[in-house]
Amino acid sequence: MKEIYGQTFEMLEQYFIEIGDKKFKAKQVYDWLYKKRVTSFDEMTNIKKELRDQLQKEFVINSLKILTKQVGEDVIKYLLELNDGNKIEAVLMLHDYGNSLCVSSQVGCNMGCSFCESGRLKKVRNLTSAEMVSQILLIEQDLGLRITHIVLMGIGEPFDNYENVMNFVDIINHPNGIALGSRHITISTCGIVPKIKGFMNHGKQVNLAISLHAPNDTLRSQIMKINKAYSLKELIPVIKEYIRKTNRRVTFEYILLKNVNDSLECAKELAMLLRGMNCYVNLIPYNETSHIEYKKSSQEQIMKFYDCLKKEKIAVTIRREFGSKVSAACGQLRSNYEEGK
Ligand code: SAH
């Protein structure tokens, strides 16, 4: 059976044409699902019973289950169960500019970044587009609020699940659906170069963030396995091309790991690497986890690194520390849960 939340508007229109019905039915179904938020076809009362029965036979309206929920001051962290029993995480962050949801794109992850908890569980499978959409619907319903921003920074590598992620973006961006503005959606990748090229030519106006974490290939290869496949020598020119083609600013994420990548030499090298690019650096205080050796840089070192980039005229911000008290680093909630069992 097909998942109704995984249907882009165009797919649904096509479906109605194929069954010999009118394509405007797609708008009605989207309206029920995303504006009125019904959870059964029977509630779609402006669609005649016969067609509702047919929809019910061909589509499932799936939902996720909340296993645990940890509430912090400005962060709410969910452990969710999929229909097949797999577990994923989603984190809601309450900013002054809106409510941002960090969405997972895979069960586990194969990228193997040495500092990341998510990758301790190898990829079990990709999430479907519907399972990504469901994360938004479920949490909005649970909290009775509207999510205004989506970041694909939960468990998984979005560009290792390219098609489902692109459909997901289309579904939530569609004006007849959840209607999240494309500029409020951010895809974060560890740097899968061919997919960045595909994305660049796709013409989607969503934001791109690159998990950089090191200013040179030697260091980056030590902490991120992906750099052995796609080094900075390939990655940086593609990002430059992306910026030229799309005229959009790129975010570089840079986790500060104590005595690994947080020296002032690293900061200067980073400034040199990024000089002249329409970008900004988001410095991320490392969220320590009990399974991984890395330590978080001191506040003082973080400030020094920040000041150095500023002096070098690189746009830079420091990420607010959401949820370190509630284990909000990707993958922590799932692995704590598994161990507690
Ligand atoms: N695979 C994608 C998206 C998921 S990770 C990517 O690599 O971008 C989202 C961000 O969180 C990445 O920048 C990742 O490097 C970072 N991250 C992972 N573990 C972290 C931790 N323990 N503390 C802080 N940030 C972490």
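The following paragraphs examine the structure supplied in this document. From a predicted model like this one, the values you see are computed outputs, not experimental measurements.

### Regarding the overall build of the protein
Helix and strand content of the protein: 12 helices and 14 strands. In terms of C-alpha radius of gyration, the protein reaches 21 Å, essentially the compact-globule figure of 20 Å for 341 residues. Once local pairs closer than 6 in sequence are excluded, the contacts in the protein between residues at least 24 apart make up 66%. A total of about 15100 Å² of accessible surface is found on the protein, and carbon and sulfur atoms cover 49% of it. Each charge class in the protein can be summarised by its mean position, and for the 48 positive and 40 negative side chains these summaries are 3 Å apart.

### Structural notes on the nonpolar core
The nonpolar side chains of soluble globular proteins are, as a tendency, buried together. By size, the foremost hydrophobic cluster in this structure holds 106 residues, and its most contacted members are I150, F168 and F252. The residue makeup of this core includes at least three contributed by each of domain 1 (2–60) and domain 2 (65–340). Residues within four places of F252 in sequence aside, it is in contact with I210, L212, I236, I239, L274, M277, C279, Y280, V281 and N282. If you look at the next biggest cluster of nonpolar residues, it comprises 7 residues, including M93, C102, M153 and A209.

### Here we look at the side chain of S100
Its place among the elements puts S100 in strand β6 (residues 98–102). Setting aside residues up to four positions removed in sequence, S100 forms contacts with V91, L92, M93, H95, H149 and V151.

### Observations concerning the environment of V29
Structurally, V29 is set in helix α2 (residues 25–35). Distance from V29 to I4, taken between C-alpha atoms, is 9.4 Å for residues 25 residues apart in sequence.

### Looking at the sheet that holds strand β12 (residues 250–256)
A sheet is described by the order of its strands in space; here 10 strands give the open sequence β3-β4-β5-β6-β9-β10-β11-β12-β13-β14, paired in mixed fashion. Because the sheet does not close on itself, it has two edges, and the strands there are β3 (65–71) and β14 (316–318). Taken pair by pair, the neighbouring strands of this sheet meet at an average axis angle of 20°, ignoring direction. The strands touched by helix α5 (residues 162–173) are β9 (149–152) and β10 (185–189); relative to β10, the strand with the most contacts, the crossing angle is about 170°.

### Quick look at the pairing of β6
The buried count for β6 comes to 5 of 5 residues, which makes it a mostly enclosed element. Residues G98, S100 and C102 of β6 are buried on one face, and the alternating residues N99 and L101, pointing to the opposite face, are buried as well. Bridge count for strand β5 (residues 87–95) against β6 is 5 bridges, and the pairing is antiparallel. Across the sheet, residue V91 finds its bridge partner in β6, namely C102. What sits between β5 and β6 in their antiparallel hairpin is a turn of 2 residues. Where β6 and β9 come together, 3 bridges link them in parallel fashion. Within β9, the position partnered with S100 by the bridge is H149.

### Comments concerning the layout of surface pockets
To locate leftover empty space, one rolls a probe as large as a water molecule over the atoms. Quantified by volume, the second largest pocket comes out at close to 290 Å³. Residue lining of the second largest pocket: 15 residues in total, with Y5, T39, L137, L138 and Q141 positioned closest to the centre. The greatest single-element share of the lining of the second largest pocket, amounting to 5 residues, is contributed by helix α4 (residues 129–143). When grouped by side-chain class, the residues that make up the lining of the second largest pocket number 7 nonpolar, 5 polar and 3 charged. Viewed by domain, the lining of the second largest pocket spans two of them, domain 1 (2–60) and domain 2 (65–340), each represented by three or more residues.

Conventions adopted
Residues numbered from 1 in each chain as written. Predicted model: local features only at pLDDT ≥ 70, side-chain atom pairs only at ≥ 80, totals over all residues. Heavy atoms only, no water. Helix = DSSP H or I, 4+ residues; strand = E, 2+ residues; numbered from the N terminus. Rg over C-alpha atoms; globule rule 2.2 N^0.38 Å. Contact = heavy atoms within 4.5 Å. Areas by Shrake-Rupley, 256 points an atom, 1.4 Å probe, with all protein chains shown as cover. Lys, Arg positive; Asp, Glu negative; His and termini not counted. Charge placed at Lys NZ, Arg CZ, Asp CG, Glu CD. Core = buried A, V, L, I, M, F, W, Y, C linked by side-chain atoms within 4.5 Å. Buried < 20%, exposed > 50% of the residue type's maximum accessible area, 1.4 Å probe, protein only. Domains from an automatic or database assignment. Pairing = 2+ DSSP bridges. Axes fitted to C-alpha atoms, helices over the stretch in contact; angles between N-to-C directions. 1 Å grid on protein atoms, 1.4 Å probe; cavity = no way out; pocket = protein on both sides within 12 Å on 5 of 7 lines; lining within 4 Å. Points joined across faces, edges and corners; volume = space filled by probe spheres on them. Nonpolar A, V, L, I, M, F, W, Y, C, P; charged D, E, K, R; others polar.

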